Amino acid sequence: MTVCNACRYCEAYCPVFPALERQTTFLGPDLAYLSNLCHNCGECLYACPYAPPHEFGINVPGTLAAIRVGSYAAYSWPRRFTAPWRRQRIWTPLLLVLGALLVALAVAGGGGLWQVAPPTGDFYRVMPHGIMVVLFGATFLMAVTVLAGGAIRFWRDVRAGTGAGSVAFGNSADRASAPPVRTGASWPALRDALTLRHLQVQGTPCTDAVEVRRRWRRWFHHLTFYGFALCFASTSVAALYHTGFGWRAPYPYTSLPVTLGAVGGIGLLIGPLGLLTLRRLRDDALGTPDGDSLDVSLAALLALTSATGFAVMIFRQSSEMPVLLVAHLSVVLGLFLSLPYGKFVHGIYRSLALVKYYAEERERVGRA
Amino acid sequence: MQVDSLVVDVAVLGGGNAGLCAALNARQHGAGVVLVESAPYELRGGNSRHTRNLRCSHDLPTDVLRGTYPEEEFVADVIRVTEGRTDKALTRLLVRESVRCPDWIGRFGGRLQPALRGTLHLDRTNAFFLGGGRALMNAYYAAAARLGVHIVYGTEARGLDVSDRTCHAISVRSDGHDQIIRARAIVLAAGGFESNLGWLGEIWGKAADNFVVRGTPYNTGTLLKQMLDHGAQPVGEPAECHAIAVDARAPKFDGGIVTRLDSLPLGIVVNRRGERFYDEGEELWPKRYAIWGRLIAGQPEQLAYSIVDAKVAGLFLPSVFPPVSANSIRELAIGLDLPPDALDATVRAFNHAVTGGTFDRDRLDTCRTEGLTPNKSHWALPLDSPPFWGYPLRPGITFTYLGIKVDETARVIMTDGHPATNLFAAGEIMAGNLLGTGYVAGVGMTIGTVFGRIAGREAAAHASL
């Protein structure tokens, strides 16, 4: 950080460098902020004259990645639940899915699963609607609670910063008091998050190696995120249909839930698989093993969710449907359980970091 | 790749900014080009890795350059900082061609950005590289590879076979093996001799032991020496160079930008004896920072100390090493290993001589001293607000000015006054044609780009004869 502050050549790449120029010492909350402001685009590693093999050995993306992964654990609860996601790449999600599978089997009424009458595509013969709602609703609620808790604690820490070493060049303001975060800061942050503005610099996409740039990382992420959102919308609409209008699944292929789910599912299949492929091509120095593990676990779970979902949709009139449905539900359950402990949290922390960044920028400009 | 007895149109010796510009332009003009870089891949790019901008003339504002910087002003700046010791025709050529540099950079994927924060004087005159010099070199290298320039790393050009003003062969060493390259035209872009501690010692004596080499350890000046031995006309004085004040705690080589200190004009600078020795406020910093290295080189033990107080602490870019800090001047002296009485006396005399005025860091303001030897012409504020900070300084040499004479086609000129037939030079190795002494920020990269392009074009033209 001190080297970066004295050099500043990377200043125009992304918000991280202007943000770090505001201080001369960096403590825990500052690092949580900076590491989550970083979107790991990779530019600064190859621009740095102090990167290895220089004796200073500076690797900004790699270092921030390691700190960032640490911050995910720090703000999660209970912390030790995050450990498996960081250690074992594919085993943990598989184990979780297996566990969920057992739950689903048990719930489906030990045996009742195999006695379903001629294929009608009626999902609720396999697992009654009420049980589905309770099981998944509770899990989802748990996930959202832990996520919210983490978000609140992160925001409290990051909002004020530590104000340490604020006598920094060009910044005579005292940061000991938290800058008032006007809602004005949320809009640019939202825009940045939804467009993934920081996965490219001046129109040039992320760097995967020296002068190797691929725009696919950003597009695969868009597919994943918006795919997820559409699938979520699909479920929500279905819930509305069921409870609001009494229309029970299965819905026609042209209906809103199925359309949303299908389109979303395509994104949620291609996106994560694309991201998984790209990461193999990326310079290892840009990341950190723990971070890689998180990425792979989530991507695999999402792709699996989508794949099993399509299986259910396509074969829903067949006699294999119950098995496929249970498989799909197990994966979704596993996904929900993992949500607050794996990579999923990154969206929340990065968005909050962006809000703080824009709030500080407005302060600076306002005071200038 | 194998370069054993390689025969090629154009050989560019040196993989920094000048060499890359020469290689790219030669290739664009249709020549087959090999680029020979003595550093390994990870350290390619010479001193250019540490640069951040390039000075260029412009008659209209651009997206990265504010206002205008007319040709006449740029030419006048060069003549002024060099005290007239410059080839005026080449300076004019440099300035005219500098207009096209931003465009050239963009053509190969290099990106520019508005001036870095805190470099207020430069946003009108200097185009900053997005991500700095190393990012620019990466873009150039990628473009060179795409265009089919053959690049070899870890290969040092050690000897030139020159007779009748013509270079017939280049001997290079790579991985312990010696090989020969025969080229129709050769561009010398291998830097100055600032990394050659032995050569520096011949010029400066024991003082050279206390110099810091700011950049690459690969600029040993081998080719420069070869050419001078073969009858190339020298230009510039051996002791002239771009040398700034760097933190004395910097690494011996490759410390780059973060070891430089910009606090000097905002306080006082004293030597080992606790005495001031030069006007710290003589000129705006970008026009003066490059002489301080030589000034410190002339001081006992090649040491000096920049001392500032709390009033100005936030007005200069932070250094990577923390200052020595104290609440009184005497305490600071002890912390810096300076004679406390002497330092105290210097500061008292200085404070007494400050005449008031209105402080303005960005202009030649009215804060000065009277009756001191030397006076401080601008930004003179009394040192009275603790905590006081002191930075130990050493001369940090960026590049040497003794070089090879060239003409307007970047051709090497021999001592008999005639140009060489197939030898061209660009970058630090010929910067002395334009810089007899002094410097102005960013002009080094301009020299490399402009003369690199010229050399590349001319070399390609010669190779096609």
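Keep in mind that this is a model prediction, so the values were computed, not measured. (Residues numbered from 1 in each chain as written. Chains lettered and ligands numbered in written order. Predicted model: local features only at pLDDT ≥ 70, side-chain atom pairs only at ≥ 80, totals over all residues.)

## A closer look at the overall build of chain A
Thought 1: Along chain A, the regular secondary structure elements total 14 helices and four strands.
Thought 2: Per-residue burial over chain A gives 43% buried out of 368 residues.
Thought 3: Within chain A, counting contacts between residues at least 6 apart in sequence, those at least 24 apart form 74% of the total. (Helix = DSSP H or I, 4+ residues; strand = E, 2+ residues; numbered from the N terminus. Buried ≥ 20, exposed ≤ 12 C-beta atoms within 10 Å, placed from the backbone. Contact = placed C-beta atoms within 7 Å.)

## Examining the overall build of chain B
Thought 1: Secondary structure summary: chain B contains eleven helices and 19 strands in total.
Thought 2: For chain B, whose C-alpha radius of gyration is 23 Å, the value lies close to the compact-globule estimate of 23 Å for 465 residues.
Thought 3: Split into buried and exposed, the 465 residues of chain B put 58% on the buried side.
Thought 4: A sequence separation of at least 24 residues applies to 76% of the contacts in chain B between residues at least 6 apart. (Rg over C-alpha atoms; globule rule 2.2 N^0.38 Å.)

## Some points on the interface of chain B and chain A
Thought 1: Contacts between the two partners involve 29 residues from chain B, matched on the other side by 29 residues from chain A.
Thought 2: Examining the composition of the side of chain B that touches chain A, we find that six residues originate from one element, helix 5 (residues 132-147) of chain B, more than from any other.
Thought 3: Looking at the side of chain B that touches chain A, its residues break down into 13 nonpolar, nine polar and seven charged. (Nonpolar A, V, L, I, M, F, W, Y, C, P; charged D, E, K, R; others polar.)

## Details of the pairing of strand 13 (residues 268-271) of chain B
Residues and elements named next belong to chain B.
Thought 1: Residues Ile-268 and Val-270 of strand 13 are buried on one face, and the alternating residues Val-269 and Asn-271, pointing to the opposite face, are buried as well.
Thought 2: As defined by bridge partners, strand 13 adjoins strand 14 (residues 304-308) across four bridges and the pair is classed as antiparallel. The residue of strand 14 that forms the bridge with Asn-271 is Ala-304. (Pairing = 2+ DSSP bridges.)

## A few points about the nonpolar core
Thought 1: Counting residues in each nonpolar core, the largest one holds 241 residues, and the members touching the most others are Val-10, Leu-13, Val-187, Leu-188 and Phe-424 of chain B.
Thought 2: No other element matches helix 13 (residues 321-338) of chain A, which puts eleven residues into this core.
Thought 3: Among the domains, domain 1 (6-237 + 401-463) and domain 2 (243-396) of chain B are the pair contributing at least three residues each to this core.
Thought 4: In contact with Leu-13 of chain B, other than residues within four places in its own chain, are Val-36, Ala-157, Ile-170, Ile-186, Val-187, Leu-188, Ala-189, Ala-190 and Leu-223 of chain B. (Core = buried A, V, L, I, M, F, W, Y, C linked by C-beta atoms within 7 Å. Domains from an automatic or database assignment.)

## Some remarks on the sheet that holds strand 5 (residues 126-129) of chain B
All names here are of chain B.
Thought 1: The three strands lie next to each other as 3-5-4, forming an open sheet whose pairing is antiparallel. Two strands bound the open sheet, and with one partner strand each, they are strand 3 (53-55) and strand 4 (112-113).
Thought 2: Note that strand 3 and strand 5 share three bridges and pair antiparallel. Across the sheet, residue Arg-55 finds its bridge partner in strand 5, namely Asn-126.

## Things to note about the pairing of strand 2 (residues 33-36) of chain B
Residues and elements named next belong to chain B.
Thought 1: Burial along strand 2 is two-sided: Val-33 and Leu-35 and Val-34 and Val-36, pointing in opposite directions, are all buried.
Thought 2: Both strand 1 (residues 6-13) and strand 2 contribute to a ladder of four bridges, which runs parallel. Residue Leu-13 lies in a different strand from strand 2, and its bridge partner there is Val-36.
Thought 3: Considered for its hand, the β-α-β crossover made up of strand 1, helix 1 (residues 17-28) and strand 2 is right-handed.
Thought 4: Two elements, strand 2 and strand 6 (residues 150-152), share three bridges in a ladder whose sense is parallel. Each residue of the ladder has a partner; that of Val-36, found in strand 6, is Val-152. (Right-handed = clockwise from strand over helix to strand, strands pointing away.)

## Thoughts on helix 12 (residues 289-314) of chain A
Thought 1: Over its 26 residues, helix 12 of chain A runs 37 Å from end to end, which matches the ideal 38 Å to within 8%, given 1.5 Å per residue.
Thought 2: With 19 of 26 residues buried, helix 12 of chain A lies mostly within the body of the structure. (Expected span 1.5 Å × (residues − 1).)

## What to know about the domain arrangement of chain B
All names here are of chain B.
Thought 1: Each domain of chain B was delimited in the assignment, giving domain 1 (6-237 + 401-463) and domain 2 (243-396).
Thought 2: Computed from C-alpha atoms alone, the centre-to-centre distance between domain 1 and domain 2 is 33 Å.
Thought 3: Facing 22 residues of domain 1, the contacting portion of domain 2 comprises 21 residues.
Thought 4: Looking at the side of domain 1 that touches domain 2, its residues break down into twelve nonpolar, eight polar and two charged.

## Focus: helix 10 (residues 340-353) of chain B
Residue and element names in this part refer to chain B.
Thought 1: Taking 1.5 Å per residue, 14 residues should reach 20 Å; helix 10 reaches 20 Å between its end C-alpha atoms and fits that length.
Thought 2: Residues Leu-343, Thr-346, Val-347 and Phe-350 constitute the buried set of helix 10. All buried residues of helix 10 fall inside an arc of 95° around its axis, so they share one side. In this structure, helix 10 carries Asp-341 and His-352 as exposed residues pointing more than 90 degrees from its buried face.
Thought 3: If you follow the buried residues of helix 10, they end up packed against strand 13 and helix 9 (329-336). (Arc of directions from axis to C-beta.)

## So, the confidence of the model for chain A
Thought 1: Mean pLDDT over chain A works out to 82, with 86% of the residues at or above the 70 mark.
Thought 2: Contacts for the low-pLDDT stretch residues 165-178 of chain A, under 50 throughout, to residues beyond four places or in other chains number 32 contacts. (pLDDT = per-residue confidence, 0-100.)

## Some details on the confidence of the model for chain B
Thought 1: For chain B, per-residue confidence averages 94 on the pLDDT scale, and 99% of positions sit at 70 or higher.
Thought 2: Reported for the predicted complex are a pTM of 0.90 and an ipTM of 0.91.

## Notes on the packing of helix 9 of chain B against helix 10 of chain B
Residues and elements named next belong to chain B.
Thought 1: Between helix 9 and helix 10, the shortest axis-to-axis distance is 9 Å and the interhelical angle comes to 130°. Between helix 9 and helix 10, the angle is such that the two are oblique. Read as a crossing pair, helix 9 and helix 10 show a hand that is right-handed. Between helix 9 and helix 10, the contacting residues are Ile-329, Arg-330, Ala-333 and Ile-334 on the first element and Pro-340, Leu-343, Asp-344 and Val-347 on the second.
Thought 2: Among the residues making up the contact of helix 9 with helix 10, the classes are represented as six nonpolar, no polar and two charged. (Axes fitted to C-alpha atoms, helices over the stretch in contact; angles between N-to-C directions. Parallel < 35°, antiparallel > 145°, perpendicular 65-115°, else oblique. Left-handed = near helix turned anticlockwise from the far one by under 90°.)

## A few points about the environment of Arg-282 of chain A
Residue and element names in this part refer to chain A.
Thought 1: Structurally, Arg-282 is set in the loop between helix 11 (256-281) and helix 12.
Thought 2: Since 19 C-beta atoms lie within 10 Å of it, Arg-282 is described here as partly exposed.
Thought 3: With 92 residues separating them in the primary sequence, Arg-282 and Leu-190 have C-alpha atoms 27 Å apart.

## Some thoughts on the packing of helix 8 (residues 129-160) of chain A against helix 13 of chain A
Residues and elements named next belong to chain A.
Thought 1: Helix 13 packs onto helix 8 with a crossing angle of 25° between their chain directions and a minimal axis gap of 8 Å. Relative to helix 13, the element helix 8 lies roughly parallel. You can see that helix 8 and helix 13 cross each other, and the crossing is left-handed. Seen from helix 8, the contacting residues are Phe-136, Thr-139, Phe-140 and Ala-143; seen from helix 13, they are Leu-333, Phe-336 and Leu-337.
Thought 2: Among the residues forming the contact of helix 8 with helix 13, the class breakdown is six nonpolar, one polar and no charged.

## Quick word on unusual backbone geometry
Thought 1: The step from Pro-52 of chain A to Pro-53 of chain A runs through a cis peptide bond, and the omega angle for that step is 10°.
Thought 2: Examined against the element boundaries, Pro-53 of chain A turns out to sit in the loop between helix 4 (43-47) and helix 5 (60-75).
Thought 3: Residue Pro-387 of chain B is reached from Pro-386 of chain B by a cis peptide bond, and omega for that bond is 0°.
Thought 4: A positive phi angle is found at Asp-175 of chain B, which is not glycine, with a value near 60°.
Thought 5: Here Asp-175 of chain B shows up in the loop between strand 8 (166-174) and strand 9 (177-188).

## Quick notes on the environment of Gln-302 of chain B
All names here are of chain B.
Thought 1: Residue position: Gln-302 is located in the loop between helix 8 (292-297) and strand 14.
Thought 2: Considering only alpha carbons, one finds Gln-302 and Asp-209, 93 residues apart in sequence, at a separation of 9.3 Å.
Thought 3: With residues near it in sequence (within four places) discarded, Gln-302 still touches Ala-207, Asn-210, Phe-211, Ile-296, Ala-297, Arg-394 and Pro-395.

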